[in-house]
Amino acid sequence: MSYPYQIHTPEEYHAAYRKSVNDPEAFWADIAANFYWRKRWDRVLDWNFTEPSIKWFSGAKLNITENCLDRHLGSLGNKPAIIWEPNDPEEHHRVITYRDLHAKVVQFANVLKNNGVKKGDRVCIYMGMVPELAIAVLACARIGAVHSVIFGGFSAQSIADRLQDAMATFIITCDGAFRGNKEIPLKSVIDDALVQCRFVKRVIVLTRTRTPVSMIKGRDVWWEDEIKKVETHGNPDCPAEEMDAEDELFILYTSGSTGKPKGVVHTCAGYMVYTTYSFVNVFQYHPGDIHFCTADIGWITGHSYIVYGPLGAGATTLMFEGVPTWPDAGRFWDIVDKYRVNILYTAPTAIRSLMSFGLGPIQDKDLSSLKVLGTVGEPINEEAWNWYHEYIGKNKCPIVDTWWQTETGGILISNMAGVTPGKASFATLPLPGVQPMLVDENGEELKGNGVSGNLCIRYPWPGIIRTTYGDHERCRLNYFATYPNLYFTGDGCLRDENGNYRITGRVDDVLNVSGHRIGTAEVENAINMHAGVVESAVVGYPHDLKGQGIYAYVIYSGTHGDENLTRQDITLTVSRIIGPIAKPDKIQFVTGLPKTRSGKIMRRILRKIAEGETENLGDTTTLLDPHVVVEIRDGKI
Ligand code: WT7
């Protein structure tokens, strides 16, 4: 596999960037020419940001799995596509070649067909990080079913909400998942969700933990049994469904500033081109390199940089089932050493957590295979950047700080490893094809360098969100209505004297906890469901490991026994409604919340108090009851 669109020098970067701005359609057509199309496009791009309506490569016919699998079989058939490291280091790892992966995807695609899954059907996937998760995702894409992967940390209620929103009638899950010393009973969580979702026709269950599960006759089937059926009766092939460029590929739910998660929709052609292009360029992938992205496929990072981007490039992608700190805090380094990993892509929160264990876990680990390090998900503080650079990269590996979002499909702003310079805590420069713009609150462009404002993108790139599932207006309002003719990211950003971008964090009511996006309104809704809670307000505060922690102010009218017990009850309610990932770190009981006369909660003040500020709480004179601020401040936990 060679990548004619791979950029190798700063000069090539600048030339590609200029071309991408002067003639975007020619720029993307040249890149798209390196993929396998059943039929080429009639038009490269049709767009307007008002509706919005964005169509890339319209008229083209393709299947993303022919690009990720079939086209590699000739030259890369015996090369590893997926290397899988199990949770338990004593268990055997697996190496799945491109030929094996193709065969398994085809086989499971036939299982899906046998079970009645058709093109356009939504299939929910709720599994641990086993190779069959990647296989399930690709099998859906093979037959044109729309996958919606849900991270294993979401609760039954969250799953039910998502199933209903997408009207997903099929589910693929596991009996359970191993994560560190925990076993997560996935099928049982699905069973709880399905009490509310009678429209689900079939649940396919893979055996992983052998935890006892209930299997409902006529609805639930075992993955292994279904495979046997297609092995003995079925056609061993499963020709890929011919898809239109703009047919839906997947839905992935993400939090926003309103109470309900949105189903971000990505489509076939643009997403394929963008993830592969960005993978090859940002990480400077070279054939034979081993790429280890530590994310979970339940998040966009896993979709784009464990599955589609690497496989589109014919790369070897390493999938890890477990957690960084089990059996000990040297686990990532053991994996790097064991497989001679060349590219390591992880989150600042993981780096900070591993830093806290000191240098012991790194000693005696051979990290010399590493060439490129990457981070994603949240701003990386300089201390973590320096530690990563010095102790993991041994001062010789470039670090790519990759800024992007679920909605962008792939990396938009990042240095390119060894090609364009990195700078601690800066995502640096946009990829060719990406046109960032900073605006003030009124939407006026902030031109020149040394400015900061709200980050927008002024022109489409192939990986951009197309709609929010079932509610296009929501997509328009969220991303395209704040500033006319611009995609608004929700992030604040600074551009330094040299034109490097530094993301400063969300400017809306969305938190970033350990690199995971959580809407404050969603957490408040969950807290408010707890009996006895009258009202609540949730804000973020700086947290050493998580980046941001969740601080909840709660007005509680229930019978106060032990306050700590009530806190635990509220926490459990949040776990049940959203999932353990949204549990508040701190809960402070208050008798009132600072509100304006119009009833709006002044979060700015609550944020300051949560951050530990005691003196400068800003103007409180417009508050209905300024005294409440003093009470809250003095009662801070
Ligand atoms: C939000 C998107 C994209 C995959 C993981 C998160 C923040 C992401 C960076 C970075 C500073 C970052 C932004 C963004 N973010 N990458 N390199 N530097 N902030 O995806 O859940 O869609 O969240 O994560 O605030 O808007 P997500």
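Rules used throughout
- Residues numbered from 1 in each chain as written.
- Predicted model: local features only at pLDDT ≥ 70, side-chain atom pairs only at ≥ 80, totals over all residues.
- Heavy atoms only, no water.
- Salt bridge = Lys/Arg side-chain N within 4 Å of Asp/Glu carboxyl O.
- Buried < 20%, exposed > 50% of the residue type's maximum accessible area, 1.4 Å probe, protein only.
- Helix = DSSP H or I, 4+ residues; strand = E, 2+ residues; numbered from the N terminus.
- Pairing = 2+ DSSP bridges.
- Disulfide = S-S within 2.5 Å.
- Contact = heavy atoms within 4.5 Å.
- Near = heavy atom within 4 Å.
- Polar contact = N/O pair within 3.5 Å; in protein donor to acceptor, adjacent residues only side chain to side chain.

To continue, consider the pattern of salt bridges. Close approach of charged atoms allows side chains of opposite charge to pair. Counting across every chain of the model gives 35 salt bridges. Asp46 serves as the salt-bridge partner of Arg43, at 2.8 Å between the closest nitrogen and oxygen. Given a relative accessible area of 44%, Arg43 falls into the partly exposed group. Its relative accessible area of 26% is what places Asp46 among the partly exposed residues. When the shortest N-O distance is used, the salt bridge between Asp366 and Arg340 registers 3.3 Å. Of the two residues, Asp366 sits in the loop between α13 (348-355) and β19 (372-376) while Arg340 sits in the loop between α12 (331-339) and β18 (343-346), which places them 26 residues apart along the sequence.

Turning our eyes to something else, we now look at the pairing of strand β11 (residues 202-206). Counted residue by residue, β11 has four buried out of five residues, so it is predominantly covered. Looking at chain direction, strand β8 (residues 170-174) and β11 are connected through five bridges and run parallel. In the sheet register, Thr173 faces β11, and the bridge partner there is Val205. Where β11 and strand β12 (residues 220-222) come together, three bridges link them in parallel fashion. Looking at the pairing, Ile204 lines up with Val221 of β12.

Another point: the state of the cysteines. One pass over the structure, following the stated rule, counts zero disulfides. Among the cysteines around Cys140, which has no disulfide bond, Cys124 carries the closest sulfur, lying 9.9 Å off. Given a relative accessible area of 0%, Cys140 falls into the buried group.

Bringing the side chain of Arg219 into the picture now. When you line up the elements, Arg219 lands in the loop between β11 and β12. Apart from residues lying up to four places away in sequence, Arg219 is in contact with Lys187, Asp191, Leu194, Val200, Lys201, Arg202 and Val203.

Glancing now at the site of the ligand. Around the ligand sit 17 residues in total, of which Asp401, Thr402, Thr406, Asp491 and Arg517 are the nearest. Here a nitrogen atom of the ligand and a backbone polar atom of Gly377 are 3.1 Å apart. Between the ligand and Asp401 there is a distance of 2.7 Å, counted from a nitrogen atom to a side-chain nitrogen or oxygen. Residue assignment for the shell around the ligand shows that the elements contributing at least two residues are α11 (300-312), β20 (399-402) and β25 (501-506).

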